Amino acid sequence: SLTKLVLPSTIKVISQFAFSECTSLKNILIPPSVTTVNQNAFRNCKSLQKIVIPESVTAISEGLFCGCSYLSDVTLPLSINEIRKFAFYECFSLRQIQLPQSLAVLGDISSIVAQN
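Residue numbers restart at each chain and count upward from 1, following the sequence in its written direction. Given that this is a predicted model, residues contribute local features only at a pLDDT of at least 70 and side-chain atom pairs are listed and counted only at 80 or more, while totals for whole chains, interfaces and linings are drawn from all residues. To get the side-chain values, all heavy atoms of the structure are used, and hydrogens and water are removed first.

J.: How would you summarise unusual backbone geometry if you had to cite specific residues and measurements?
T.: One non-glycine residue, Asn40, lies in positive phi territory at about 60°. Here a strand is any run of E in DSSP of at least two residues, a helix any run of H or I of at least four, and the numbering for each starts at the N terminus. Mapping Asn40 onto the fold places it in the loop between strand 4 (36-37) and strand 5 (50-52). Under the relative-accessibility criterion, Asn40 is labelled buried at 8%. Of note, the phi angle at Asn44 is positive, near 60°, even though the residue is not glycine. The rule is simple: take the accessible area with a 1.4 Å probe, protein chains only, and divide by the maximum for that residue type; under 20% is buried, over 50% is exposed, in between is partly exposed.

Structure below.
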């Protein structure tokens, strides 16, 4: 089963639902070449624990980490200017996230974070 993923440095877009339901995926390295991570790309990756979003990404798409119940460590770059609804919904292990000052769009906060 897939536990670690290192994407090639030539990739620019991670498609919608690309790794959704990869329940054994614990670690992923997103290269700085990626500019877009589409909605629900990591939905229900229940074992995912840590993610570092590169500076090249400016938005956290809708439902991006929805259901990633073991996700505890998220690093957002200063380039993030929007976080869409359900981005971190049901991320029960996530206790703190640093929002960048560049943030201009924040979806309904009750639908972004875990309900715990």
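J.: Describe the sheet that holds strand 9 (residues 105-106), listing the residues and the values that go with them.
T.: The parallel open sheet is built from three strands, whose spatial order is 6-8-9. The two strands at the open ends of the sheet, each matched to only one other strand, are strand 6 (59-60) and strand 9. In terms of strand pairing, strand 8 (residues 82-83) meets strand 9 through two bridges, oriented parallel. Note on strand 9: the bridge partner recorded for Ile83 is Leu106. Only when DSSP finds a minimum of two bridges between them are two strands counted as paired.

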